[in-house]
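Given next are the chains, with one letter for each unit.
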Amino acid sequence: MSCKLKVNTINGDVFILAVNPTETVNGLKARLVQEFPCEHPLERKILKVELLNDKAAIDDAQASQTLVQAGLFHAEDDEAEVSICYTRRAVNAATKRGVPLGSVGSGFLQVTIPDTTKEVSEEAFQTCREVVGVFIPDSVTRIGKKAFAFCMSLVRIDLPPSLTDIGDEVFLTCESLVGITIPKSVISIGHRAFQGCKSLERIDIPPSVREIGNFAFADCSSLRSVAIPDSVACIGHGVFKGCRSLVSIHIPPHWVTKIGEAFFESCSSLRSIAIPDFVTSIGCGAFKGCRSLLSIDIPPSVTQIRGEAFKECSSLESIDIPPSVIEIGNGAVACCSLLSSVAIPVSVTRIGCGAFKECSSLESIDIPPSVIEIGNGSFAFCESLVSI
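Peer 1: Looking at this structure, how should I read the overall build of the chain?
Peer 2: Helix and strand counts for the chain come out as 2 helices and 27 strands. When the 388 residues of the chain are sorted by exposure, 50% land in the buried category. Contacts in the chain between residues far apart in sequence, at least 24 positions, make up 32% of those at least 6 positions apart. Carbon and sulfur atoms provide 49% of the accessible area of the chain, an area that totals close to 17,700 Å².

Peer 1: Sorry, what's going on with the sheet that holds strand β11 (residues 156-158) here?
Peer 2: Within a sheet, neighbouring strands are paired by backbone hydrogen bonds and run either parallel or antiparallel to one another. The strand order across the open sheet built from 4 strands is β6-β7-β9-β11, with neighbouring strands paired in parallel fashion. On the outer flanks of this sheet lie β6 (90-92) and β11, each paired with one strand and no other. Strand-to-strand, the axes of this sheet are offset by a mean angle of 20°, without reference to chain direction. Note: strand β9 (residues 131-135) against β11, 3 bridges, orientation parallel. Residue pairing across strands places Phe135 opposite Asp158, the latter belonging to β11.

Peer 1: Just checking my understanding: could you explain the sheet that holds strand β21 (residues 281-282) for this structure?
Peer 2: One open sheet accounts for 6 strands, arranged β20-β21-β22-β23-β25-β27; its pairing is parallel. In the strand order of this sheet, the two ends are held by β20 (258-259) and β27 (373-374), each with one partner. Both strand β23 (residues 327-328) and strand β25 (residues 350-351) contribute to a ladder of 2 bridges, which runs parallel. Residue Ile328 lies in a different strand from β25, and its bridge partner there is Ile351.

Peer 1: How should the nonpolar core be read in this particular structure?
Peer 2: Here is a general trend for soluble globular proteins: nonpolar side chains tend to be buried in one another's company. In this structure, Phe148, Phe171, Phe194, Phe240, Phe264, Phe287 and Phe356 are the most contacted members of the largest nonpolar core, which totals 95 residues. When residues of this core are traced back to their parent elements, those giving at least two are β7 (109-112) and β9. If you look at the next biggest cluster of nonpolar residues, it comprises 14 residues, including Cys3, Val7, Leu17 and Val25.

Parameters and conventions
Residues numbered from 1 in each chain as written. Predicted model: local features only at pLDDT ≥ 70, side-chain atom pairs only at ≥ 80, totals over all residues. Heavy atoms only, no water. Helix = DSSP H or I, 4+ residues; strand = E, 2+ residues; numbered from the N terminus. Buried < 20%, exposed > 50% of the residue type's maximum accessible area, 1.4 Å probe, protein only. Contact = heavy atoms within 4.5 Å. Areas by Shrake-Rupley, 256 points an atom, 1.4 Å probe, with all protein chains shown as cover. Pairing = 2+ DSSP bridges. Axes fitted to C-alpha atoms, helices over the stretch in contact; angles between N-to-C directions. Core = buried A, V, L, I, M, F, W, Y, C linked by side-chain atoms within 4.5 Å.

And the structure:
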């Protein structure tokens with residue numbers, strides 16, 4: 001049997017809802033949250049509805065009761081009236097011990113960390129899948145390792161201007177995090193701090209940051225652009241590995257002497273990059289799997305191209321190796337299927353194993369007399385190669 005429920009909101013709005021008197025109070029509350037005109041997905045997740053019948057609140061103990069059992073309807077009624085107000089599911093907590101456990105989808109909530117907190121401890125909220133928003137007070141200067149790791153529903157977090165250190169793996173695999181502002185007070189971003197934040201589209205690194213750890217933004221597959229400030233003096237490897245949507249990046253011209261291992265590995269949307277003149281080494285797998293990379297300018301400061309540095313750059317048509325390079329590492333340019341010619345400068349003394357393996361369009365290559373070692377399979381499966 002369907003009945004009419006007149007719903008009065010705290011804002012003075014009135015709407016009519018068709019209900020079945022045998023449905024539960026919990027079921028009705030869930031429907032009312034869906035009816036609430038709130039566009040922000042975070043707000044919708046943490047809203048909860050309070051029912052007031054004759055100005056008396058229907059308490060949580062009645063949640064599993066039917067509307068008749070809870071007194072909203074009498075058996076003979078075909079219509080009833082109720083007032084509602086919406087509040088947020090929110091808790092004050094310094095660690096996950098203060099967060100009530102609930103099933104994902106029904107227990108989403110927002111957390112406010114107490115004003116007296118100076119440091120968010122290691123693993124403080126790790127695996128709290130119900131938490132969608134966090135407010136951190138100005139008293140906090142450091143966030144410890146894995147503090148919010150695997151908070152799969154975390155959409156928004158406000159970092160305070162007092163923060164100086166974002167620890168290792170702090171936001172590891174926070175897959176729902178869409179944006180974050182790093183305060184201008186932050187000096188260090190730890191290893192894997194944002195790895196696996198698949199919804200993160202952009203991030204602004206302030207000029208206060210001096211150090212970025214290994215794999216800090218790896219596997220942020222929605223990240224499209226990033227600018228590394230001049231202030232960064234130390235940066236790890238694999239920092240942007242697996243950032244499949246990354247199309248542009250600014251690297252300060254005097255900032256680094258080495259492009260680290262796997263730094264841009266599998267950045268499959270990256271089309272071009274300017275390597276600063278101060279770089280002396282391109283690390284192992286630095287650009288491996290950058291399938292959209294069309295060209296690359298290697299500055300005359302580079303002396304080493306490490307193993308698999310440009311492997312599987314399948315759109316790369318040409319590469320200019322400067323006369324400063326001494327060594328071309330194992331598999332350095334392997335599987336670059338569109339590469340048609342390479343000029344090896346007289347500075348090169350070693351060509352590693354499989355260096356140009358499976359470059360199927362490579363037609364010619366000049367090897368200077370300076371080369372004293374050519375590794376096994378350096379030109380294996382170069383089907384178009386006609387002259388050396």
